[in-house]
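Notes for the structure review
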Amino acid sequence: MGFLVLCLIIIALIVLIVLIIMIRNSIVRHHNATIRAWSDVASYERQKLKILDGLQPLVEQYSSFEKGTLEKVTELRQNIMNLNINDADISQLQRIESLNKQLMHSLNVVVENYPELKANDIYLKMMAEIEEQNENVGAAITIYNRNVELFNNQIQIFPHNVINNMLLGKKAVRPFRDQSATQSFDYRPNFH
């Protein structure tokens, strides 16, 4: 009888250890997926640089009255270059997305002022590439936010939160929120 109880205790300890290891590994896996998803967002943002590098001289040709557009191109390029690929800087990403929207608006104004630019094949190709990159960034942000949600759930639910606090100490990651888009909504959910 004593031997049976000892065997059951040993089996229970082994199961507990295996469970702790599985939970820890799950947290690490979700954390790594979040890091990878952030890298994808930053990579897509960086891909805009090559397009902006080609767009800048083209806009310069038409920008004798549109200096602000050229400044927006330069500011967006600089912000993208400063985006930290290794650490999720949501506020910097929000700034980049805001600058991107301002630039796209300014480019539309430039096209209205210079109709011959609208017919320029290089410009049209660059605008299509920028739009494609914007769609890629939007998709990457969606994937990033989903990974953030999964990771945050992993470290906040019981018993995962206990294992995280004891073994890893990972903190919740802040998802990307488009402040300008949410400000235009009349509805505000009550999450508290």
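Note that the structure is predicted; figures quoted are calculated from it, not measured.

Counting its secondary structure elements, the chain contains seven helices and zero strands. Listing every helix and strand of the chain by position from the N terminus yields α-α-α-α-α-α-α. Within the chain, the fraction of its 192 residues that count as buried is 36%. Sequence separation of at least 24 residues holds for 76% of the intrachain contacts in the chain that already meet a minimum separation of 6. As displayed, the chain offers around 12000 Å² of accessible surface, 59% of which is attributable to carbon and sulfur atoms.

Another point: helix α6 (residues 160-168). Here α6 has its buried residues at H160, I163 and N164. Within α6, the buried residues cover an arc of 100° as seen down the axis, which keeps them to one side. The exposed residues of α6 that point more than 90 degrees off its buried face are N165 and M166. Positive backbone phi, approximately 70°, marks G169, located one or two places after α6.

Note the cis peptide between F158 and P159, where omega equals 5°. In this fold, P159 is placed in the loop between α5 (121-156) and α6.

A few words now on the UniProt feature "transmembrane region" (unreviewed entry) in the chain. The UniProt record marks residues 6-23 with the feature "transmembrane region" (unreviewed entry), using the residue numbering of this structure. Spanning residues 6-23, this segment combines 100% helix with 0% strand, and its end C-alpha atoms are found 26 Å apart.

With that settled, the discussion passes to the pattern of salt bridges. It is possible for side chains bearing opposite charge to pair when their charged atoms get close. Counted according to the given criterion, the structure contains four salt bridges. Ionic pairing is found between E75 and R95, a salt bridge with its closest N-O pair at 2.2 Å. One end of the pair, E75, is in helix α2 (residues 67-82); the other, R95, is in helix α3 (residues 90-113), with 20 residues separating them in the sequence. R95 sits in the partly exposed class, given a relative accessible area of 35%. Among the charged side chains, a salt-bridge network with shared partners connects E45, K48 and E97.

It is worth spelling out the side chain of S26 at this point. Note on placement: S26 falls in helix α1 (residues 2-62). When its relative accessible area of 12% is taken as the criterion, S26 is described as buried. Side-chain polar atoms of S26 contact the side chain of Q154, separated by 2.7 Å.

Bringing the environment of M127 into the picture now. Tracing the backbone through its elements, the reader meets M127 in helix α5. The class of M127 is buried, set by a relative accessible area of 14%. For the pair M127 and L52, spaced 75 residues apart in sequence, the C-alpha to C-alpha distance is 9.9 Å. Look past the residues within four positions of M127 in its chain and what remains in contact with it is M104 and L107.

Our next topic: the environment of N79. Along the polypeptide, N79 turns up in helix α2. Residue classification places N79 among the buried positions, given a relative accessible area of 13%. In contact with N79, other than residues within four places in its own chain, are Q92, R95, I96 and L99.

Conventions and cut-offs
- Residues numbered from 1 in each chain as written.
- Predicted model: local features only at pLDDT ≥ 70, side-chain atom pairs only at ≥ 80, totals over all residues.
- Heavy atoms only, no water.
- Helix = DSSP H or I, 4+ residues; strand = E, 2+ residues; numbered from the N terminus.
- Buried < 20%, exposed > 50% of the residue type's maximum accessible area, 1.4 Å probe, protein only.
- Contact = heavy atoms within 4.5 Å.
- Areas by Shrake-Rupley, 256 points an atom, 1.4 Å probe, with all protein chains shown as cover.
- Arc of directions from axis to C-beta.
- UniProt positions renumbered as here; feature names shortened; annotations may be inferred.
- Salt bridge = Lys/Arg side-chain N within 4 Å of Asp/Glu carboxyl O.
- Polar contact = N/O pair within 3.5 Å; in protein donor to acceptor, adjacent residues only side chain to side chain.

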